[in-house]
Structures are given as C-alpha cells and as structure tokens.
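Per-entry structural report
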Amino acid sequence: MILQNDLLWNRLQNFSLDTPNVDFPFSKKLAKEESWGLDFTKKAIEEYKKFVYLCCILPNGASPSETVDKVWHMHLIYTQNYWEEFCPNVLRQKLHHHPSKGGSDDTIKHKIWFSDTLENYQKIFQHEPPEDIWSERKIKLKSKNSKLNIFKIFSVASVLLILSSCSDKIGNFLTIIFIVIPAIFLFTSFLSGIFNKSNDPKSKNRNDNGDGNCFSSNSGSDSSSSCSSSCGSSCGGGCGGCGGGD
C-alpha cells in the first residue's frame, strides 16, 4: 500500500481507541450510543482514522461525514485520551473541531469542502469512500425525491378522479385505487417517519466537544477541522487543516 511507509499513517493504524482490560471500551460505548453493530462501529472507527489523516496532510483539512463526525464527537468526550495521548503522540499536532456557522454561504462552502474531501480520499487511499460511512447526504436526497414523486402521483390521481366523477362506477373504482389506497400508504408512511425519527440514532445531538466548547453535532460536511502544531500556533478559525505534523 502506498501509505505503508508513512509515519503518521502507521501511528494511526497502531493506535487503538479501546483501553485494554476494561469492561466497556470506547467501541462498545460508541455502538451503544449510536445503536450500531460492532462490525459497523469498527469500520466507522477505521474511517475516522482516515479522516483524521486527511485533516493532517491536506492544506485545507477535511470535512467528515455524519457517521465519522459521530466517532469524532465520542472521541472528544474522552478528553484525556484525545488531548494528552492522541493529539500529541499520534498526530503530533492539535486537531480542533469547528462546527458550521450556519447560513447559505457556509452551507455551500461545506458542501464543496465535503466533495473535495471525498475526491482526496479516493486519490490518497486509492479506493472509493465506503457508501455506508460517507454517503448519508445522497440517501437523504433520495428520500426527499421519493416523497415528492408520491405527491405528484397523488395529485395526478386526484385530477383523474375529478374527470371521471360523471360515472359513479368508474368514480368509485378510481376512488379506491387512486385515493383510498394511496391515502392509507401516505398516512402509514407519515407515522413510520415520525417513529423512525424519534428512534433514529443519527438524529441525536451531542453538545460537549470535550474541551469546554459546546456545540451541536452537524451532519455530513457541516463541521470542519483545523490543525495546529504542538507548540500551540493556530491556522485560523475554520481553515480545516495545517498540513502534516511530522
């Protein structure tokens, strides 16, 4: 692998977020908090390490997916591990979390940033980012489009029903086919959406970044990173990275 002789990459691969000989290590806590399976949790942690690597080597840093951001937030809660071991000994530089400031301009900026992150991921690791870790935004977009298509079908059906109202038999038949059945479907989908949203682990927000600064978790690329050298110099708010730390 092209990264096998990279010192930073090797340190990341050799670093475990799980403290040895404890009953409830980091990975199990993360899996429980997010309702993830252990295999998916391990995969998410590995992708988190790749994201951190990108943060440290890219001039403009990197933007995490929603899943990677969840791992990052959990790691930040382990303040001693993150700030006293991970940053100084593994990264050999500080890695700060900067949430989005909000607004359309910032949203567009982070979308571009996230797209650049995926492009650099492919170039550096020589494979596409795993969709189950990095493609939440596409999934949400498909969901919105599906609801829009259902609404269009329902609207067309209503027009057909009005046009056919001159015939009672045809009208009754179309009422069942185009109104009653879709209405039941939409109602059950609505209830299912409410239930899933209330139980969706990705809808939970964590408010403590572990270093005294509080903010809400941001989905997809709506959060950023910045690196600074171990001597404490900073690359500026929201810049996303300062290059490698070796």
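Residues numbered from 1 in each chain as written. Predicted model: local features only at pLDDT ≥ 70, side-chain atom pairs only at ≥ 80, totals over all residues. Heavy atoms only, no water.

**A word on the environment of Asn81**
Worth spelling out the cut-off: Only DSSP runs of H or I covering at least 4 residues are called helices, and only runs of E covering at least 2 are called strands; the numbering of each starts at the N terminus. In this analysis, two residues are considered to be in contact whenever any of their non-hydrogen atoms come within 4.5 Å of each other.
Its location among the elements puts Asn81 in helix 5 (residues 79-91). In this view, Asn81 contacts Phe15, His75 and Phe86; residues no more than four positions away in its chain are not counted.

**Describing the packing of aromatic side chains**
To keep things clear, this is the line we draw: Think of it this way: a Phe, Tyr or Trp ring, Trp meaning its six-membered ring, pairs with another when their centres are within 6.5 Å, and the plane angle makes it stacked under 30 degrees, edge-to-face over 60, tilted otherwise. Relative accessibility decides the category of a residue: with a 1.4 Å probe and only protein chains considered, values under 20% of the type maximum give buried, values over 50% give exposed, and everything between is partly exposed. Criterion for a charge above a ring: Arg CZ or Lys NZ at most 6 Å from the ring centre, at most 35 degrees from the ring normal.
One pass over the full model with this rule turns up 13 aromatic pairs. The interplanar angle of 55° and the centroid separation of 6.1 Å between the aromatic rings of Tyr53 and Phe125 together place this pair among those described as tilted. Taken as a pair, Tyr53 in helix 3 (residues 38-57) and Phe125 in helix 6 (residues 104-125) lie far apart in primary sequence, 72 residues in all. Comparing Tyr53 with Phe125, the two get one shared label, buried. One aromatic cluster is present, built from ring pairs that chain together Trp9, Tyr53, Phe114, Tyr121, Phe125 and Trp134. The ring of Phe125 is capped by Lys50, whose NZ or CZ atom sits 5.4 Å from the centre of that ring.

**What to know about the packing of helix 1 (residues 7-14) against helix 3**
Worth spelling out the cut-off: Note on method: axes are straight lines fitted to C-alpha atoms, helices fitted across the in-contact stretch only, with angles between N-to-C directions ranging 0 to 180 degrees. For classification purposes, an angle smaller than 35 degrees is called roughly parallel, one larger than 145 roughly antiparallel, one from 65 to 115 roughly perpendicular, and anything else oblique. We call a crossing left-handed when the near helix sits turned anticlockwise from the far one by less than a right angle, and right-handed when that turn is clockwise.
Two elements in contact, helix 1 and helix 3, have axes whose closest approach is 10 Å; the angle formed by their N-to-C orientations is 155°. On the basis of the axis angle, helix 1 is roughly antiparallel to helix 3. Here the hand of the crossing between helix 1 and helix 3 comes out right-handed. Residues Leu8, Trp9, Leu12 and Gln13 of helix 1 lie in contact with helix 3, whose contacting residues are Glu46, Lys49, Lys50, Val52, Tyr53, Cys56 and Ile57.

**Considerations on the nonpolar core**
We count it as follows: Among buried residues, the Ala, Val, Leu, Ile, Met, Phe, Trp, Tyr and Cys ones that are joined through side-chain atoms within 4.5 Å form a nonpolar core.
Counting 37 residues, the largest nonpolar core has Tyr48, Phe51, Val52, Phe86 and Leu91 as its most contacted members. Of all the secondary-structure elements, those providing two or more residues to this core are helix 1, helix 2 (26-34), helix 3, helix 4 (66-77), helix 5, helix 6 and helix 7 (131-134). Sort the elements by how many residues they give to this core and helix 3 lands first, with 9 residues.

**Here's the deal with the confidence of the model for the protein chain**
Close reading of the predicted structure is inappropriate where its pLDDT is low. Note the cut-off: pLDDT measures the predictor's confidence residue by residue and takes values from 0 up to 100.
For the protein chain, the average pLDDT comes to 72, and 54% of its residues sit at 70 or higher. Confidence drops under a pLDDT of 50 for residues 200-222, and excluding neighbours within four residues, the segment shows 65 contacts in the predicted structure. Here residues 226-246 is modelled with pLDDT under 50, and outside its nearest four sequence neighbours on either side it reaches 67 contacts, counting other chains as well.

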